Amino acid sequence: MRTVSPERWRRIEALLDGVLDLPPEQRAAWLERECGGDEALRAAVEKLAAACEEPTRLPPSPAGLAAPLLADLAGADAAPAPDRVGPWRILHELGHGGMGTVYLAERADDQFHKRVAVKLLGRGAGGEDLVRRFRHERQILATLDHPNIARLLDGGVADGAPYIVMEFVDGLPLGLHCTERRLPLADRLGLFADVCAAVQYAHQHLVVHRDLKPSNILVTGDGQVKLLDFGIAKLLDPEGASEAPALTRTGMYLMTPEYAAPEQVRGGPVTTATDVYALGVVLYELLVGRRPYDLQGRTPSEIERVVCGTEPTRPSTAASQLDGSAARRLQGDLDTIILKALRKEPERRYPSVSALLDDLRRYREGQPVLARADTLLYRTRKFAGRHRVGVGLTAVVAAAVAFGVARERGLRAAAEAEAAKAVAVKDLMVGVFQASDPYGRSPQEPGAVTAVQLLERGRARVDSALAGQPEVQAELLAVLGGVYANLGLYVEAAALLERSGTLRRARHGNRHESVAATETQLADVYQDLGKYQAAESLLTRALALGRELHGSRSEAVAFSLDRLATAYQEQSRYDEAEPLYREALEIRTGLLGPDHLDVAESKINLALLLWWKGEYDASEKLAREGMETRRAQLGPRHALVAEAMHNLAQVQQSRGQLADAEDLFRESLVIKREVFGNVHPRVTVHLNNFARVLRDRGKYAESEPLYREALALDRQIFGAEHPYVSASLDNLAGLLTERGKFAEADSLHALALAMNRKLLGERHVRVALGLSNIGLLRFRQGDLQRAEATYREALELYREIFGPDHLFVTVVSTGLAAVLRERGQLVEPEAIYRAAMARFEPGMPHTRMRLGPVLVGLGRTLVAAGRPAEAEPLLTRGLEIQRELYGDADWRTAEARLGLGDCLAALGRGSEAGPLLRQSREALQAYRVAQQGLLRRADEALAAVGT
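**Observations regarding the overall build of the protein**
When its secondary structure is counted, the protein shows 41 helices and nine strands. For the protein, the residues scored as buried account for 51% of the 947 residues in total. Within the protein, residue pairs in contact and separated by at least 24 positions form 61% of the contacts whose partners lie at least 6 positions apart. Carbon and sulfur atoms make up 52% of the accessible area of the protein, which totals about 41,500 Å².

Pasting the structure below:
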């Protein structure tokens, strides 16, 4: 197979440009002179020139014209499809287009049974360059895992013919499905929303479709949308390859002209905005019944003129020719949404598919859409539409019109400045992505371009490309800082946001809302870096400025209240944080309604605070409400849904609902790994908390690797010293204590305590937690004197932070009581256990996990005090609870059984005590290193009853 060399192709293209600029009668002589006797060269140019000017009905498949010409220029002959392609046996043809034929196939090697769609391209359709890019790109495309995207399963080259293996989808094209089922507008918009969600998912993975159209969007019999050929256009497109320059004048772009954006038609860079345009065409056709342009029978030059220079007919106007009622439904917002997606200039379209999807959601909910000018008149009309009863519409609208005209004039200058800023930002970002094109003409580093590399290039270009534009620099620095923070790169994020704030203060002074916004954003990053006091200072200033600029009941003030409350919470100042959270929730609910995402955020944040305070019932209610709102608004696989699910899991864990908590942790961890990858702070926090619930369930072998992974990732992300690192150290050490690995646990606890004291100060809840953990370790080691001293130090600090009645004080007190009992001091432990039992006795579901060990502890204390008759009912009930929670084999159940056996022996009922003691000893053998004290006591008790 022969291919066209890059040098020869450039020569062909240069000649083609020249010949198309000449009158037809002068072309032959000019070509003869320029080709210098190279008849093959002359024939190629003549064929391409004829193809460019011949009116033709371009086929709906990508590059219907380009493929045969390229194949002919490369000297390749078409060949019939083989019976087998790689490991796939061809069954029958499903369809064909300009770039190849699609077949139904199945595995031919009997490894497994699966039917697939095999797209087989003609030999020579791209040459060796295509083969190389197949091997690179198919790995990228195969990573797309979304329920609405047909998976790329395989690909390669067989007998010189490239092929692609896709998931086989049995369905109808989107438009045909809607027509056959006579779907109403709402259902059509619902299906289109699924399409948008799939495209946005791919964009987040840096994959652009480039050829969206109804034939690539199938709907299965059960109504599930499936997008086909995702990213395949990039694989096939010779304009993207460095060895085959763009066909700038030939009309041979790999696209479907009816759905191609102006930049595609002109041969410009293809970005996510290109897919936004194609989605606009698809939506136009889906709702109107025809496409915005009629391109049938037009030449490539005519197609370029129409797509790039002619405004589409307003959808409602086009629909009025077919269906008057449909036209009325499209008037207004839907017209505006579709036409914004179809803007000629990419920067004037929706900035992302998610923005388009959000506007459609707003339309469906009766909210103002962002594509429209946000005038008072428009907002008033939307309000009246949602609240028809009781609205004096005539007077309101009349006042709004008068006010709106004056307001619009006053905002014109600001709008023009914002437009200039948007153009500068667009130019910068386009430059970043063009420089990152692996098939572009600038030198590139080897390997795939990562999101972080793109960010680094953007950060460098902010200084070089935007010099002399401080406002635009500040805007880009803030945007980049936010992206760095979302990737968990907090040091880099802080540096960018600090520079943005400096630029904005120099331009606007200290009392400007852009300065407050930047400082609030920076405060969030400071908190992630453990700089809580610096964050508090920024947020206090931002809140005061927000009240001054916007009044006390504004979204800006609610946001500042919420973030300042978080700063207080991180410093264990819960009583100061709670009223701020509640005020933010009240403001947001009043301004935005109960189902807004900001209201959900306030509920989730307040729920977390209440969890820290031990108010589990109220916490669960708010956490669940916030999670359900996010799920309804964002779909089930969103990062914010995973965060809400994680918080609810923590509440359920504290309530003793361990199986439910484990399920929630598992599901949300899968989502977080999908969204964030593995190396991200949100993942490490999750690993720690998930490992804890596994530890509570006695699944130590599964828990320990998660703790170690979290610690390694925290050190990789934050360095050697950070509150996240100290938390991971403490958590791992606690598990090692449970497993009897005392030496390593001692070392890690000491390191975590020293780090917390250095980073957070002496009077912090994490210091108290570290001390109580060390107290437990000393107890398990048998060092009772030091265990008592450490527990008492932890209790003093807990009481100082939370007051005497907090849950944590009660729980740590029971740890001290166990130590005192083993030291023979029985009066104080009895009082501690009875106070704890009174607190947990009401029998609420979340108290059972706490009540079990308290009953056992009090019963054992009473037996030691010579009062076994009082102890028996307590120990019997404690054993029931522990067995129900942890099963028969867990050490906590074994301890309860040991206590009851001791009690029965003391009552002279040795025949009943013996079996209990033997069962206890057998279970404790599995924990013999970690539970030496209990095992010794079991041996002593068995000896005492003579068995």
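**Let's talk about the pattern of salt bridges**
The final tally for this structure, using the stated rule, is 71 salt bridges. A salt bridge links Arg588 to Glu601; its shortest N-O distance comes to 3.2 Å. Residue Arg588 is found in helix H24 (residues 574–592), and its partner Glu601 is found in helix H25 (residues 597–612); the two are separated by 13 residues along the sequence. Looking at Arg588, the relative accessible area reads 3%, which means it is buried.

**Some words on helix H20 (residues 490–508)**
Helix length check: H20 (19 residues) gives 26 Å between terminal C-alpha atoms against 27 Å at 1.5 Å per residue, within 8%. Taken residue by residue, H20 has Tyr490, Ala493, Ala494, Leu496, Leu497, Ser500, Gly501 and Arg504 as its buried positions. Considered in projection along H20, the buried side chains sweep an arc of 165° and stay on one side of the axis. Structural note: H20 exposes Val491 and Ala506 on the side pointing more than 90 degrees away from its buried face. Directly after H20, the chain includes Gly509, whose backbone phi takes a positive value near 85°.

**Brief notes about the pairing of strand S6 (residues 161–167)**
Remark: a regular strand shows side chains that alternate across the two faces of the sheet. With six of seven residues buried, S6 lies mostly within the body of the structure. In this sheet, S6 lies alongside strand S4 (residues 115–120) in antiparallel orientation, the contact comprising five bridges. Each bridged residue has a counterpart across the sheet, and for Lys119 the counterpart in S6 is Ile164. Pairing geometry for strand S5 (residues 152–158) and S6, over six bridges, is antiparallel. Across the sheet, the residue bridging to Leu152 is Met166, located in S6.

**What about the packing of aromatic side chains?**
Summed over all chains, the structure comprises seven aromatic pairs. For the pair Tyr574 and Trp612, a centre-to-centre distance of 6.1 Å together with 20° between the ring planes defines the contact as stacked. Pair noted here: Tyr574 is in helix H24 and Trp612 is in helix H25, with a separation of 38 residues, a long-range link. What makes Trp612 partly exposed here is its relative accessible area of 21%.

**Quick notes on the environment of Ala733**
Turning to its location among the elements, Ala733 is positioned in helix H31 (residues 723–738). Sequence separation between Ala733 and Ala745 is twelve residues, and the spatial gap between their C-alpha atoms is 4.2 Å. With near-sequence residues (within four places) excluded, Ala733 lies in contact with Ala745, Leu748 and His749.

**Remarks on the packing of helix H19 (residues 470–486) against H20**
The packing of two helices is summarised by the inter-axis angle and the distance between the axes. At a minimum axis separation of 8 Å, H19 and H20 run at an interaxial angle of 155°. Relative to H20, the element H19 lies roughly antiparallel. For H19 against H20, the interelement crossing comes out left-handed. Within the contact between the two elements, H19 uses Pro470, Glu471, Gln473, Ala474, Glu475, Leu477, Ala478, Leu480, Gly481, Tyr484 and Ala485 and H20 uses Tyr490, Glu492, Ala493, Leu496, Leu497, Arg499, Ser500, Leu503, Arg504, Arg507 and His508. For the contact of H19 with H20, the per-class residue count stands at twelve nonpolar, four polar and six charged.

**A short note on the nonpolar core**
Val525 and Tyr798 are the most contacted members of the largest nonpolar core, which totals 142 residues. Ranked by residues supplied to this core, first place goes to helix H35 (residues 807–822) with nine residues. Aside from chain neighbours lying at most four places away, what touches Tyr798 is Val765, Ala768, Leu769, Ser772, Gly803, Phe808, Val809 and Val812.

**Observations concerning the confidence of the model for the protein**
Keep in mind that low pLDDT regions are not for reading the predicted coordinates in detail. Here the protein averages 78 in pLDDT, and 77% of its residues register 70 or above. Predicted confidence for residues 54–79 stays below pLDDT 50, and this span has 62 contacts to residues more than four positions away or in other chains.

**Some details on helix H21 (residues 513–528)**
Compared with an ideal rise of 1.5 Å per residue, which puts 16 residues at 22 Å, H21 spans 23 Å between its outermost C-alpha atoms and is within 8% of the ideal. By the criterion of burial, H21 is predominantly enclosed, with twelve of the 16 residues buried. For H21, the full list of buried residues reads Ser514, Val515, Ala516, Thr518, Glu519, Thr520, Leu522, Ala523, Val525, Tyr526, Gln527 and Asp528. Gly530 sits one or two residues past H21 and shows a positive phi near 80°.

**Thoughts on the environment of Glu601**
As for Glu601 and Leu585, which are separated by 16 residues in sequence, their C-alpha atoms are 8.6 Å apart. For Glu601, the residues in contact, after removing those within four places along its chain, are Asp562, Arg588 and Arg630.

**A short note on the sheet that holds strand S9 (residues 225–227)**
Read across the open sheet, the three strands follow the order S7-S8-S9; overall the sheet is antiparallel. At either margin of the open sheet sits one strand with a lone partner, and together these are strand S7 (171–173) and S9. The average undirected angle you get between the axes of adjacent strands in this sheet is 35°. Alignment of strand S8 (residues 217–220) against S9, held across three bridges, turns out to be antiparallel. Directly across from Leu218, in S9, lies its bridge partner Lys226. Running at roughly 40° to S9, helix H7 (residues 185–204) makes contact with S8 and S9 of the sheet.

**Remarks on unusual backbone geometry**
Non-glycine residue Arg182 carries a positive phi angle of around 50°. Within the fold, Arg182 resides in the loop between helix H6 (174–180) and H7. By relative accessible area, Arg182 is classed as exposed at 75%. In this structure, Arg210 is a non-glycine residue whose phi angle is positive, near 75°. Topologically, Arg210 is positioned in the loop between H7 and S8.

**Brief notes about the packing of H21 against helix H23 (residues 555–570)**
With their axes 11 Å apart at the nearest point, H21 and H23 run at an angle of 20° to one another. With respect to their mutual orientation, H21 and H23 come out roughly parallel. Seen from above, H21 lies across H23 with left-handed handedness. In contact with Thr520, Asp524 and Gln527 of H21, H23 contributes Phe559, Ser560, Arg563, Thr566, Ala567 and Glu570. Per-class residue counts for the contact of H21 with H23 are two nonpolar, four polar and three charged.

**Overview of the side chain of Ser668**
You can see Ser668 is positioned in helix H28 (residues 658–676). Using a relative accessible area of 0% as the deciding quantity, one classes Ser668 as buried. A polar side-chain atom of Ser668 sits 2.7 Å from the main-chain carbonyl oxygen of Leu664. In contact with Ser668, not counting residues within four places along its chain, are Ala642, Met645, His646 and His686.

**What to know about the environment of Gln716**
Relative to the helices and strands, Gln716 resides in helix H30 (residues 700–718). Sequence separation between Gln716 and His680 is 36 residues; the distance between their C-alpha atoms is 9.6 Å.

What counts and how
- Residues numbered from 1 in each chain as written.
- Predicted model: local features only at pLDDT ≥ 70, side-chain atom pairs only at ≥ 80, totals over all residues.
- Heavy atoms only, no water.
- Helix = DSSP H or I, 4+ residues; strand = E, 2+ residues; numbered from the N terminus.
- Buried < 20%, exposed > 50% of the residue type's maximum accessible area, 1.4 Å probe, protein only.
- Contact = heavy atoms within 4.5 Å.
- Areas by Shrake-Rupley, 256 points an atom, 1.4 Å probe, with all protein chains shown as cover.
- Salt bridge = Lys/Arg side-chain N within 4 Å of Asp/Glu carboxyl O.
- Expected span 1.5 Å × (residues − 1).
- Arc of directions from axis to C-beta.
- Pairing = 2+ DSSP bridges.
- Phe/Tyr/Trp six-rings, centres within 6.5 Å; stacked < 30°, edge-to-face > 60°.
- Axes fitted to C-alpha atoms, helices over the stretch in contact; angles between N-to-C directions.
- Parallel < 35°, antiparallel > 145°, perpendicular 65-115°, else oblique.
- Left-handed = near helix turned anticlockwise from the far one by under 90°.
- Nonpolar A, V, L, I, M, F, W, Y, C, P; charged D, E, K, R; others polar.
- Core = buried A, V, L, I, M, F, W, Y, C linked by side-chain atoms within 4.5 Å.
- pLDDT = per-residue confidence, 0-100.
- Polar contact = N/O pair within 3.5 Å; in protein donor to acceptor, adjacent residues only side chain to side chain.

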